[in-house]
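# Observations on chain architecture
As a plain string of letters, each chain reads:
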Amino acid sequence: MQIRRTLRVVRLSLPMPPSANHIYRRNRYGSVFLTEAAREYPERVQAAVIEQIGNVLGILKHVAWVDLEATIHPPDKRRRDIDNVLKRLIDALAAVFGFNDAVVRKIVIKRGHYVSTPDGVLDVKLRWLQLRAVSSSEEDSHSDLNENIQKREKNHDVDSNLPPGVVCNRLL
């Protein structure tokens, strides 16, 4: 039995999440609850992901690690804390892709240029290492695939069998 390791990369353009300052509210009895915008955000992310690369619900259940790189394109020139978008973004991506947010090992967040959309845009690049146990007979049957991938890497060809948003599907 061997472990197959596959590195994958996905680039997405997502709606801006509500700020961390606007995620929680208190009712008159002192209970804390999520605001409507915070509850709806994972559904908006799922719709954007499905539109861009198809249904990916739960594809990252068995993942070793996830790297997240995000560029924030705010809708206006108001001053914002760029770290206020992280909580809802990571929670929404974890819900859509099906990974535990404890496997996020690296987060890079940058401020981009202003855009003329009402809510702003968030460009996200997700990288992850997928682990899968394979038998030796299954590994032998994939030797042709490994050779083809190595040839494509040398020629810098794009894998045409991947969904539109996936830019890398490399066996390590």
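Notes on the structure follow. (Residues numbered from 1 in each chain as written. Predicted model: local features only at pLDDT ≥ 70, side-chain atom pairs only at ≥ 80, totals over all residues. Heavy atoms only, no water.)

### Looking at the overall build of the protein
Quick reminder of the rule: By definition, any uninterrupted DSSP run of H or I lasting at least four residues is a helix, any uninterrupted run of E lasting at least two residues is a strand, and each is numbered from the N terminus. Relative accessibility under 20% of the residue-type maximum defines a buried residue, over 50% an exposed one, and the middle range a partly exposed one, all with a 1.4 Å probe and only protein chains included. Working rule for contacts: check all heavy atoms of both residues, and any pair within 4.5 Å makes them a contact. Here, Shrake-Rupley sampling with a 1.4 Å probe gives the accessible areas, and only protein chains in the shown set may cover a residue.
When helices and strands are counted, the protein shows four helices and seven strands. The N-to-C order of helical and strand elements in the protein reads β-β-β-α-β-α-β-β-α-α-β. Relative to its 172 residues, the protein shows a buried fraction of 37%. Sequence separation of at least 24 residues holds for 83% of the intrachain contacts in the protein that already meet a minimum separation of 6. Carbon and sulfur atoms make up 48% of the accessible area of the protein, which totals about 10700 Å².

### Digging into the pairing of strand β6 (residues 121-134)
Selection criterion: Strand pairing follows a simple DSSP-based rule, namely that at least 2 bridges must link the two strands.
Here strand β1 (residues 2-15) pairs with β6 via 14 bridges, running antiparallel. Bridge pairing links Pro15 to Val121 in β6. Here strand β4 (residues 63-73) pairs with β6 via ten bridges, running antiparallel. Within β6, the residue paired with Leu68 across the bridge is Leu126.

### A short note on the packing of aromatic side chains
To keep it simple, the criterion reads: We call Phe, Tyr and Trp rings a pair once their centres come within 6.5 Å, taking the six-membered ring for Trp, and we label the pair stacked below 30 degrees between planes, edge-to-face above 60, and tilted otherwise. Criterion for a charge above a ring: Lys NZ or Arg CZ within 6 Å of the ring centre, and within 35 degrees of the ring normal.
In total, this model carries one aromatic pair according to the counting rule given. Between Phe97 and Trp128, the aromatic rings sit 6.2 Å apart at their centres with planes inclined by 50°, giving tilted as the arrangement. Within this pair, whereas Phe97 is found in helix α2 (residues 86-97), its partner Trp128 is found in strand β6, the two being separated by 31 residues in sequence. Residue Phe97 is classed as buried on the basis of its relative accessible area of 0%. Looking at Trp128, the relative accessible area reads 2%, which means it is buried. The ring of Trp65 is capped by Arg105, whose NZ or CZ atom sits 3.7 Å from the centre of that ring.

### Notes on the side chain of Gln130
Selection rule: Each polar contact in these results corresponds to two N or O atoms within 3.5 Å; when the atoms are within protein, one needs to be able to donate a hydrogen and the other to accept it, and residues that are neighboring in sequence are counted only if both atoms are side-chain atoms.
Inspection of the secondary structure puts Gln130 in strand β6. A polar contact of 3.0 Å, which involves the side chain of Gln130, links it to the side chain of Trp128. With near-sequence residues (within four places) excluded, Gln130 lies in contact with Arg4, Arg5, Thr6, Ile59, Leu60 and His62.

### Looking at the packing of helix α1 (residues 36-53) against α2
For the record, the criterion: An axis is simply a line fitted to the C-alpha atoms; with a helix, the fit covers only the stretch in contact. Between two such axes, the angle follows the N-to-C directions and lies from 0 to 180 degrees. For classification purposes, an angle smaller than 35 degrees is called roughly parallel, one larger than 145 roughly antiparallel, one from 65 to 115 roughly perpendicular, and anything else oblique. We call a crossing left-handed when the near helix sits turned anticlockwise from the far one by less than a right angle, and right-handed when that turn is clockwise. Throughout this entry, Asp, Glu, Lys and Arg are counted as charged residues, while Ala, Val, Leu, Ile, Met, Phe, Trp, Tyr, Cys and Pro are counted as nonpolar. The remaining residues, Gly among them, count as polar.
Contact geometry of α1 with α2 gives a least axis separation of 9 Å together with a crossing angle of 55°. Taken together, the axes of α1 and α2 lie oblique to each other. Crossing of α1 over α2 shows right-handed handedness. Between α1, through Ala38, Tyr41, Pro42, Val45, Gln46, Val49 and Ile53, and α2, the contact on the second element is made entirely by Arg88, Leu89, Ala92, Leu93, Val96 and Phe97. When grouped by side-chain class, the residues that make up the contact of α1 with α2 number eleven nonpolar, one polar and one charged.

### Thoughts on the pattern of salt bridges
The test is simple: For this document, the term salt bridge refers to a Lys or Arg side-chain nitrogen within 4 Å of an Asp or Glu carboxyl oxygen.
One pass over the structure, following the stated rule, counts eight salt bridges. The shortest N-O distance in the salt bridge between Glu69 and Lys110 comes to 3.2 Å. Linking Glu69 in strand β4 with Lys110 in strand β5 (residues 104-111), this pair joins segments that are 41 residues apart in sequence. Residue class for Lys110 comes out partly exposed when judged on its relative accessible area of 38%. With its nearest N and O atoms 3.2 Å apart, the salt bridge here joins Asp91 to Lys87. One end of the pair, Asp91, and the other, Lys87, are both in helix α2, four residues apart, so they sit about a helical turn from each other. Connected via shared salt-bridge partners are Asp67, Arg105 and Arg127.

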